[in-house]
Amino acid sequence: MPELPEVETIRAGLEPLIVGREIKHVICHRANLRYPLPNLAALVGQSVTGMRRRSKYLLFDLASERLETSQTLVWHLGMTGQFHVLPHHAKTGTHEHVHVELSDGQSLRYRDARRFGYAGLLPSTQLESHAWFSKLGPEPLSDAFNGEHLTALCAGRKAPIKNLIMDASIVVGVGNIYASESLFRAGIHPARAAGRISSARLALLVETIKAVLAEAIEAGGSTISDFVHADGKPGYFAHQFQVYGRAGKKCLHCERTIKRITQAGRSSFLCSFCQR
Ligand SMILES: [Zn+2]
């Protein structure tokens with residue numbers, strides 16, 4: 001499943017290829033993915049003015065001379081969704097469900113083998129109040145996600161810290177791998193009760209979450225062209241994980257054995273000596 005760093009890489013890769021283009025024609029090869037698709041014929045004649053991301057949603061900002069309020073096409077990639085930009089006449093790929101013809105002769109294609117992706121066409125001013133966004137916490141790389149914010153939301157909580165940093169109402173985009181990695185770097189045991197961690201350690205955890213995600217985004221920067229031009233599959237970047245997936249191997253800090261435990265049905269990896 002594409003995580004926040006992968007979605008951000010896709011956003012950055014698409015931006016120069018689609019912003020400023022007008023949408024000439026849209027072909028939908030099916031009416032629904034996870035949910036029914038919005039009326040994508042309404043995109044024709046609109047121009048793409050910006051390409052943003054919120055949590056794991058791609059936001060295509062649009063403008064049109066005939067519409068009074070601007071719209072944003074919101075797209076979630078689900079498990080296997082991929083966008084590619086290819087010449088308009090390039091052959092339709094396997095599992096390609098949507099084909100958006102652009103004014104420069106290129107086309108934006110959406111492929112999704114498992115069809116868990118979904119989309120909506122919303123008034124741009126109403127995004128924040130929409131059910132998909134209204135309960136989301138801050139972006140992890142924004143200033144709004146800081147030690148004070150995390151400390152306030154952990155106060156009095158008995159839940160394991162790992163569960164809380166993976167809770168999108170506290171902070172978006174910290175998936176299972178990145179949660180394990182950032183807790184290892186911060187020296188915090190993933191099962192520790194969130195309310196029993198000092199504010200200084202939580203502030204350090206905020207910094208390690210930002211660092212782990214920023215490194216993953218940077219690692220993805222070199223693979224952008226694979227994501228959008230060819231058949232590259234979004235997935236976890238070939239990234240050196242310090243703890244994730246290393247059960248039974250030696251801790252990089254103390255050489256004791258990395259353990260795997262299960263929390264909320266997901267694997268956590270940790271060093272019980274380095275993480276308290
Ligand atoms: Zn260790």
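As the structure is a computational prediction, the values presented were derived from the model and not from experiment.

This part is about the domain arrangement of the protein chain. Entries for the protein chain in the domain assignment read domain 1 (4-126) and domain 2 (147-270). Placing the centre of domain 1 and that of domain 2 at their C-alpha centroids yields a distance of 30 Å.

A few words now on helix H2 (residues 147-154). Listing the buried residues of H2 in full gives Leu-150, Thr-151 and Cys-154. The arc enclosing the buried residues of H2, seen along the axis, measures out at 100°, which places them on a common side. Turned more than 90 degrees away from the buried face of H2, the exposed residues are Glu-148 and Ala-152. Of the residues one or two after H2, Gly-156 is the one with positive phi, at around 75°.

Pairing is antiparallel across the open sheet formed by 4 strands, whose spatial order is E2-E3-E4-E8. Taken across any chain shown, the strands that pair with only one partner, and hence form the sheet edges, are strand E2 (47-54) and strand E8 (118-123). This sheet shows a mean twist of 20° between the axes of neighbouring strands, independent of strand direction. Pairing of E2 with strand E3 (residues 57-63), which is carried by 7 bridges, proceeds in the antiparallel orientation. Bridging across to E3, Ser-47 finds its partner in Ala-63. With respect to the sheet, helix H1 (residues 4-18) is in contact with E2 and E3, its orientation differing from that of E2 by roughly 170°.

For a regular strand, the rule is simple: side chains alternate between the two faces of the sheet. Two elements, strand E9 (residues 259-263) and strand E10 (residues 266-270), share 5 bridges in a ladder whose sense is antiparallel. Bridged to Thr-262 within E10 is Ser-267. Taking the residues between adjacent antiparallel strands as the criterion, E9 and E10 are bridged by 2 residues, where Ala-264 takes a positive phi near 50°.

So, on to the nonpolar core. One broad trend across soluble globular proteins is that nonpolar side chains are buried collectively. Ile-165 and Leu-205 are the most contacted members of the largest nonpolar core, which has 60 residues in total. With 7 residues, helix H5 (residues 199-221) is the largest single contributor of residues to this core. Discounting chain neighbours no more than four positions away, the residues touching Ile-165 are Ile-170, Val-171, Val-174, Ala-179 and Ile-209.

What follows deals with the environment of Asp-167. Relative to the elements of secondary structure, Asp-167 occurs in the loop between helix H3 (161-165) and helix H4 (176-186). For the pair formed by Asp-167 and Gly-137, sequence separation is 30 residues and the distance between their alpha carbons is 8.5 Å.

Cut-offs and rules
Residues numbered from 1 in each chain as written. Predicted model: local features only at pLDDT ≥ 70, side-chain atom pairs only at ≥ 80, totals over all residues. Domains from an automatic or database assignment. Buried ≥ 20, exposed ≤ 12 C-beta atoms within 10 Å, placed from the backbone. Helix = DSSP H or I, 4+ residues; strand = E, 2+ residues; numbered from the N terminus. Arc of directions from axis to C-beta. Pairing = 2+ DSSP bridges. Axes fitted to C-alpha atoms, helices over the stretch in contact; angles between N-to-C directions. Contact = placed C-beta atoms within 7 Å. Core = buried A, V, L, I, M, F, W, Y, C linked by C-beta atoms within 7 Å.

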